[in-house]
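Coordinates in review
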Amino acid sequence: MVWDALTLQLGYNATLVTLGAALLGMAAGATGTFLFLGKRALVSDAISHATLPGVALAFVAMVALGGDGRALPGLLAGSALSAAVGLLCVSALTNRTRLSEDAAIGAVLSVFFGFGIVLLTVIQSMSSGRQAGLESFLLGSTAGMLRQDAVVIASGGAIVLLLVAALRRPMTMVAFDRVFAASLGVNVPRVELAMMGLALAITVVGLKVVGLILIVALLIIPAVAARFWTDRVGRVVILAGVIGGLSGYAGAAFSATAPALPTGPIIVLVSFALFTLSLFAAPNRGVLAAVLKHQRFRARVHERQGLLALAQGQPIYEGLTLRLMQRRGLIRADGVATELGQAQAAQALRDERRWQVLRSNPAYEEAAASYDGLTPLDDVLTPDQLGALDRELRPKGVS
Amino acid sequence: MMGEEFVVLSLAPMLIGIFAAVACAIPGNFLLLRRQALIGDAISHVVLPGIVVAFLVTGVVSAWPMMLGAGGASLVAVGLIEAIRRLGGIEPGAAMGVVFTAMFAGGVLLLEQSDTSSVHLDVEHALYGNLESLIWLDAQGWASLWDIGALRGLPPELSRMALTLVLVIALTWVFWRPLKLSTFDEGFARTMGLPVSLIGLGLVVVAAIAAVAAFDAVGSIIVIAMFICPPAAARMVTNGLEAQVAWSVGFAVVSAVLGYVLAGYGPLWLGFDDAVSAAGMIATVSGAILGLAAAFGPCSHRSGASASAS
């Protein structure tokens, strides 16, 4: 069943929804990257909660005009309008008053959401308009989605993706350094407006699939996950798109297999699983890589200390040091140094003496900064410098 | 409107609303000044999985296991946010966004998977609360306030919320000076030998207690709104911390009372039959107050100079 869903064998409608969710996830991941890099990830939380009154008002307006209250394009237009008003309120509260941005976000999201729920209870008491299913905008639902709904979502996602690709350069500059971007002649307010506009578009398009409480996850989580794998902005954007797309695809497919698997939460949990994988497994920035790096560093410190002890004829008691040196063939099981061990110990001691001289000589100030008790001096100095250093070392060694 | 019917139907929910609003607004002042205003948002999302797990473990809908579950979930969330921030070098806002959305999604999935349809445990209840249904059936009128037997019939949420409010006020009172110092000048507070990070953690814990207690009775929207809106509005009115806390308590009370009345009686005045969501209306009123304060408050601008001074 799951395999059928993943290979798009569950019928035409489910296939359409799965592809639409994948496109939406890709667009959300790519757009969210710019919000995340610009440290404005939580603005999307305010945007998404601010869509609720718009959905409700659009429903009321469409019913009042005698239409079907649940027509998706109308509901999306209403949600876009109220989300835009919410965004304006956030920026007005941030710029015109002493409130910080996070307080403005919190105020807007709670008040708009509260007002939306007031409107929802008004709608519940209306007798006409077939309001059932309006609650699915809270948590998303693809069950009973019509073909044209899926087409609206897929094409919306595709358009946003294209716009992100077109605007990626100015958005990158503004996300990293507004002042620098402005000095290069970028129209910063307009680019920020475009960035927010794209986030708003993603939120509105994603309402039906993921729901307004969880859409913020699709904007944040893939971007944060992608950041672990690479330091290059272009690659972060692409990877975030891939992670978002995978989450949308797999999440929608899983949720199509059983009625008790709500679409939005499943998509979010898939993306969180990918995030967890990235947190642990990513090279360089991942937790596993950091642990391995630390282990290697510790082994080098222990080995170096062991060699220095050997060279100075001191006994070694520390368990880890003994194990490491035995494994490398530097000492025998009874703790006596092998030939290789003696050679390396002598080298380590000479290196340590050289470092001592080097660090006491102000002429080598720059090289001395890289002293960590581990780096072989040959890596730091040129052969000529080494020779000069050894000449300094010799008289002391003789006396 | 102030007769017997009021005592039965509206007195208890209104008091619960007021207590919840004030209990959230007081710690909200400090969270706002410390730029941690969105912690209320995060807490109110992550308590859902805690409550669901508590229900699945105990099999009953009762207050204490759920409060414990919610508290545990908040602690897990704080730990996860901190771990992701440290391990991954991720900025706090994004780390918070990752954790609270994922935990909320997990909670919703657990709800859908388990058979909770027989009890009033569902997502909408978690969001809206059920303020309107907390009525005092045993009341016979105002005289019942002096009748022990009738008082026993009060909804248990009322005493829980009152207890929480007393706890919040007492803790704020006792720790006022260290709280104030560490909020305004962390460096100075540290040189005075105050355990700054412990005070910060304590504040978050108190906020979580208030949020969890309020969540059960009034839903999560009020919690988020009351953490932020009354303190933010108060901040526009005054520059002093004492005055700000006092104003925020006033705004919280006004929001709760006016919101409840508008939700319950407003539609009737307009000629409709049904009441609207009280929780939503309280949040809306608090937003209106914030809007007014932002427009006309004497201290709404960043410089702190009086804008209306002539």
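1. A look at the overall build of chain A
- The helix and strand tally for chain A stands at 18 helices and 0 strands.
- Scaling as 2.2 N^0.38, a compact globule of 399 residues should have a C-alpha radius of gyration of about 21 Å, whereas chain A reaches 31 Å, well beyond that.
- In terms of overall dimensions, chain A has C-alpha extents of about 105 × 55 × 35 Å along its principal axes.
- Expressed as a percentage of its 399 residues, the buried residues of chain A come to 53%.
- Counting only contacts in chain A whose residues sit at least 6 apart along the sequence, the fraction spanning at least 24 positions is 67%.
- Carbon and sulfur atoms form 62% of the exposed surface of chain A, whose accessible area is close to 18,200 Å².
- Computing the positive centroid from 32 side-chain charges and the negative centroid from 24, chain A places the two 4 Å apart.

2. Re the overall build of chain B
- Per the secondary structure count, chain B includes 13 helices and 0 strands.
- From first element to last, N terminus to C terminus, chain B shows the α and β order α-α-α-α-α-α-α-α-α-α-α-α-α.
- Rg of the C-alpha trace for chain B: 20 Å, near the compact-globule value of 19 Å for 310 residues, within the 12% margin.
- The C-alpha extent of chain B, read off along each of the three principal axes, is 60 × 55 × 35 Å.
- Burial statistics for chain B: of 310 residues in total, 56% are counted as buried.
- When contacts within chain B are restricted to residue pairs at least 6 apart in sequence, long-range pairs at least 24 apart make up 71% of them.
- About 13,200 Å² of surface is accessible on chain B, with carbon and sulfur atoms providing 68% of the total.

3. Notes on the side chain of A:Thr203
Residue and element names in this part refer to chain A.
- The residue Thr203 is located in helix α10 (residues 188-210) in this model.
- Engagement of the side chain of Thr203 in a polar contact is seen with the backbone oxygen of Ala199, the distance being 2.7 Å.
- When sequence neighbours within four positions are dropped, the list of residues in contact with Thr203 reads Ile47, Ser48, Thr51, Ile215 and Leu219.

4. With respect to the confidence of the model for chain B
Residue and element names in this part refer to chain B.
- Overall, the predicted model of chain B reaches an average pLDDT of 85, with 93% of residues at or above 70.
- By mean pLDDT, helix α5 (residues 123-128) is the weakest element of chain B at 71, and helix α13 (residues 278-296) is the strongest at 94.
- Note on residues 304-310: pLDDT under 50 across the span, and 7 contacts to partners over four residues away in sequence or across chains.
- Taken together, the chains of this predicted complex give a pTM of 0.86 and an interface ipTM of 0.91.

5. Focus: unusual backbone geometry
- Not every positive phi belongs to a glycine, and A:Asn284 is a case in point at roughly 70 degrees.
- Tracing the backbone shows A:Asn284 in the loop between α13 (263-281) and α14 (287-311).
- Exposure remark for A:Asn284: the relative accessible area of 60% places this residue in the exposed category.
- The phi angle at B:Arg35 is positive, at roughly 60 degrees, despite the residue not being glycine.
- Residue position: B:Arg35 is located in the loop between α1 (4-33) and α2 (39-58).
- We classify B:Arg35 as exposed; its relative accessible area is 60%.

6. Quick word on helix α2 (residues 12-37) of chain A
Residue and element names in this part refer to chain A.
- Taking 1.5 Å as the rise per residue, α2 with 26 residues should run 38 Å; its terminal C-alpha atoms sit 38 Å apart, in good agreement.
- Buried residues dominate α2, accounting for 20 of its 26 residues.
- After α2 finishes, the residue Lys39 shows a positive phi value of roughly 60 degrees.

7. Quick look at the interface of chain A and chain B
- The interface is formed by 53 residues belonging to chain A together with 58 residues belonging to chain B.
- Taken together, both faces of the contact between chain A and chain B bury some 4,500 Å²; the carbon and sulfur share is 75%.
- Interface area lost by chain A to chain B is led by A:Leu42, A:Arg98 and A:Asp102, which between them contribute 16%.
- Inspection of the chain A/chain B interface yields 0 salt bridges.
- Here chain A is connected to chain B by 9 residue pairs in polar contact (both at pLDDT 80 or more).
- Every element with two or more residues in the side of chain A that touches chain B is listed here: α3 (43-49), α5 (72-96), α6 (101-124), α7 (136-139), α11 (215-227) and α13 of chain A.
- The element best represented in the side of chain A that touches chain B is α6(A), accounting for 16 residues.
- Of the residues assigned to the side of chain A that touches chain B, the class counts are 37 nonpolar, 9 polar and 7 charged.

8. A closer look at a nonpolar patch on the surface
Residue and element names in this part refer to chain B.
- A surface patch of nonpolar side chains, amounting to about 600 Å² of accessible area, comprises Leu75, Val78, Leu167, Leu198, Leu201, Val205 and Ile209.
- Of all the secondary-structure elements, those providing two or more residues to the nonpolar patch are α3 (63-88) and α10 (196-218).
- Looking at the nonpolar patch element by element, the count peaks at 4 residues for α10.
- On the secondary structure map, Val205 appears in helix α10.

9. Notes on the packing of α6(A) against α13(B)
- Between α6(A) and α13(B), the least distance of the axes is 7 Å, while the angle of their chain directions is 135 degrees. Judged by the angle between their axes, α6(A) and α13(B) are oblique. When the axes of α6(A) and α13(B) are compared, the crossing they make is left-handed. Contacts from A:Ala107, A:Ser110, A:Val111, A:Gly114, A:Phe115 and A:Val118 of α6(A) reach α13(B) at B:Gly280, B:Met281, B:Ala283, B:Thr284, B:Ser286, B:Gly287 and B:Leu290.
- A per-class count over the contact of α6(A) with α13(B) returns 7 nonpolar, 6 polar and no charged.

The rules we used
- Residues numbered from 1 in each chain as written.
- Chains lettered and ligands numbered in written order.
- Predicted model: local features only at pLDDT ≥ 70, side-chain atom pairs only at ≥ 80, totals over all residues.
- Heavy atoms only, no water.
- Helix = DSSP H or I, 4+ residues; strand = E, 2+ residues; numbered from the N terminus.
- Rg over C-alpha atoms; globule rule 2.2 N^0.38 Å.
- Buried < 20%, exposed > 50% of the residue type's maximum accessible area, 1.4 Å probe, protein only.
- Contact = heavy atoms within 4.5 Å.
- Areas by Shrake-Rupley, 256 points an atom, 1.4 Å probe, with all protein chains shown as cover.
- Lys, Arg positive; Asp, Glu negative; His and termini not counted.
- Charge placed at Lys NZ, Arg CZ, Asp CG, Glu CD.
- Polar contact = N/O pair within 3.5 Å; in protein donor to acceptor, adjacent residues only side chain to side chain.
- pLDDT = per-residue confidence, 0-100.
- Expected span 1.5 Å × (residues − 1).
- Buried area = accessible area lost by both parts, 1.4 Å probe.
- Salt bridge = Lys/Arg side-chain N within 4 Å of Asp/Glu carboxyl O.
- Nonpolar A, V, L, I, M, F, W, Y, C, P; charged D, E, K, R; others polar.
- Patch = residues over 30% accessible without salt bridge, like charges linked within 9 Å, V, L, I, M, F, W, Y side chains within 5 Å.
- Axes fitted to C-alpha atoms, helices over the stretch in contact; angles between N-to-C directions.
- Parallel < 35°, antiparallel > 145°, perpendicular 65-115°, else oblique.
- Left-handed = near helix turned anticlockwise from the far one by under 90°.

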